[in-house]
Amino acid sequence: MERKRFDVVALGELLIDFTDGGLSAQGNPMFEANPGGAPCNVLAMLEKLGRSCAFIGKVGDDLFGRQLRGVVEAAGIDTSGLAVSRQVRTTLAIVKNEPSGERDFSFYRNPGADMMLTEQEVPEEMVGNCRVFHFGSLSLTHEPVRAATAKAVRCAQAGGALISFDPNLRPPLWDDLEEARRQIAFGLSQCDVLKIADNELEFMTGETDFDRGVAILRGRYPNLRLVNVTAGAQGSYSYCGDQRAFVPAFQLGGTIETTGAGDTFCACVLHFVLAHGAEGLSQAELEEMLRFANAAAYLVTTRKGAIRSMPEREEVERLLARIR
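Quick caveat: nothing in here was measured; it's all calculated off a predicted structure.

Rules used in this analysis
Residues numbered from 1 in each chain as written. Predicted model: local features only at pLDDT ≥ 70, side-chain atom pairs only at ≥ 80, totals over all residues. Heavy atoms only, no water. Helix = DSSP H or I, 4+ residues; strand = E, 2+ residues; numbered from the N terminus. Rg over C-alpha atoms; globule rule 2.2 N^0.38 Å. Buried < 20%, exposed > 50% of the residue type's maximum accessible area, 1.4 Å probe, protein only. Contact = heavy atoms within 4.5 Å. Areas by Shrake-Rupley, 256 points an atom, 1.4 Å probe, with all protein chains shown as cover. Lys, Arg positive; Asp, Glu negative; His and termini not counted. Charge placed at Lys NZ, Arg CZ, Asp CG, Glu CD. Axes fitted to C-alpha atoms, helices over the stretch in contact; angles between N-to-C directions. Left-handed = near helix turned anticlockwise from the far one by under 90°. Nonpolar A, V, L, I, M, F, W, Y, C, P; charged D, E, K, R; others polar. Arc of directions from axis to C-beta. Polar contact = N/O pair within 3.5 Å; in protein donor to acceptor, adjacent residues only side chain to side chain. Pairing = 2+ DSSP bridges. 1 Å grid on protein atoms, 1.4 Å probe; cavity = no way out; pocket = protein on both sides within 12 Å on 5 of 7 lines; lining within 4 Å. Points joined across faces, edges and corners; volume = space filled by probe spheres on them.

**Student:** Lay out the overall build of the chain with the relevant residues and their values.
**Tutor:** Tallying secondary structure elements over the chain gives 10 helices and 13 strands in all. For the chain, whose C-alpha radius of gyration is 18 Å, the value lies close to the compact-globule estimate of 20 Å for 324 residues. Summarising its shape, the C-alpha atoms of the chain cover approximately 50 × 45 × 40 Å along the three principal directions. Burial statistics for the chain: of 324 residues in total, 57% are counted as buried. In the chain, 71% of the contacts between residues at least 6 apart in sequence involve partners at least 24 apart. Within the structure as shown, the chain displays about 13300 Å² of accessible surface, and the carbon and sulfur contribution to it stands at 47%. Here the chain carries 34 positive and 43 negative side-chain charges, and the mean point of each set is 3 Å from the other.

Following this line, the structure appears as structure tokens:
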């Protein structure tokens, strides 16, 4: 890849995750205001790995918007593409951990500031000056941010960037799940590198068998160069050319919550792609990539929050050295 100003530019939601903090002395539920949003979570981990990153999105001109800008800047991420709305408040999400380990999301986004990013607010020079452009489906749920996302993808492709996509399906944010399928299909049709969760693979293909599901996606979308499937506690799979790899998840105890784990995994994959490319990877290389990504994702599950919880590279390497 030619030299660019940024390794990775991401566009999408930046929000506050109110995560379950137990009960107060009076028996009332308590929630901690953790900075989050999948695209920025990805960038925060990439910064930990020494990559140069920039974010494009929109927050409200309010307490939470100012908090988020400060946290993103402190993480080393360029925020010159972060717009501010004086009319719409910063998006909020309530994340409740269920006894099953699943998360229940409630969003305050009707609308939220992240939905209001316009095409005119997309910095074309920034998007055209990156090696990888990353986005997810939350910026495809509504206009005008849907058009802004499509414009950014076009600019990134014109600049020669690899396109990375994470469906990150959140059913409560869609008025119609058929529309969700159509918009996720747009992302699939544009990307070179895909990170998709097991439930999202089933949603888009009807398949619970990962090999068959990935084969369906690759048949529909020949643009896909590298496909990675995350399967929670089971582990992760990677498909590149005729190579397939699987690495089990790290199950070492101490898990608190899973918020940000998939984003951490995604960041580590992009870090590997920046070093090795997205084509012609061997099974051994895919396994190396997955081991590092799984280890980093595990470490995040032992902490609360996302942007501020990303592990240092050395932490991941120590964990890998300990279990070899």
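**Student:** Now, about the packing of helix 8 (residues 261–276) against helix 9 (residues 283–301): what can you tell me, with residues and values included?
**Tutor:** Where helix 8 contacts helix 9, the axes come no closer than 8 Å and their chain directions differ by 145 degrees. Remark: the crossing between helix 8 and helix 9 carries right-handed chirality. Contacts between helix 8 and helix 9 involve Ala 261, Thr 264, Phe 265, Cys 268, Val 269, Phe 272 and His 276 on the former and, on the latter, Glu 285, Glu 288, Met 289, Leu 290, Phe 292, Ala 293, Asn 294, Ala 296, Ala 297, Val 300 and Thr 301. Its residues assigned to classes, the contact of helix 8 with helix 9 shows 12 nonpolar, 4 polar and 2 charged.

**Student:** Break down helix 7 (residues 210–220) for me, citing the residues and quoting the values.
**Tutor:** Listed as buried for helix 7 are Phe 210, Gly 213, Val 214 and Leu 217. Along the long axis of helix 7, the arc covered by the buried residues comes to 95 degrees, so they all point the same way. Along its buried surface, helix 7 packs onto helix 5 (177–190), strand 10 (193–197), helix 6 (198–205), strand 11 (226–230) and strand 12 (235–240). Where helix 7 starts, the residue carrying a side-chain oxygen 3.1 Å from the main-chain nitrogen of Asp 211 turns out to be Asp 209.

**Student:** So what's going on with the sheet that holds strand 10? Residues and values would help.
**Tutor:** Strand order across the open sheet formed by 9 strands is 5-4-1-8-9-10-11-12-13, with mixed pairing between neighbours. Two strands bound the open sheet, and with one partner strand each, they are strand 5 (78–85) and strand 13 (243–248). The average undirected angle you get between the axes of adjacent strands in this sheet is 15 degrees. Sheet topology places strand 4 (residues 53–60) next to strand 5; 6 bridges connect them, and they run parallel. Within the sheet, the bridge partner assigned to Gly 60 lies in strand 5 and is Ser 85. Across the sheet, helix 8 is in contact with strand 1 (6–11), strand 8 (130–136), strand 9 (162–166), strand 10, strand 11 and strand 12; its angle to strand 10 comes to roughly 160 degrees.

**Student:** I'd like a description of empty space enclosed by the protein, backed by residues and values.
**Tutor:** Enumeration over the complete set of coordinates arrives at 1 cavity of 30 Å³ or more. Reported here for the largest cavity is a volume of approximately 30 Å³. Every residue along the wall of the largest cavity is listed here: Ala 38, Pro 39, His 134, Phe 135, Gly 136, Asp 166 and Asp 263. Mapped onto the lining of the largest cavity, the elements with two or more residues apiece are helix 1 (38–48) and strand 8. Among the elements that make up the lining of the largest cavity, the one with the highest residue count is strand 8 (3 residues). Among the residues forming the lining of the largest cavity, the class breakdown is 3 nonpolar, 2 polar and 2 charged.

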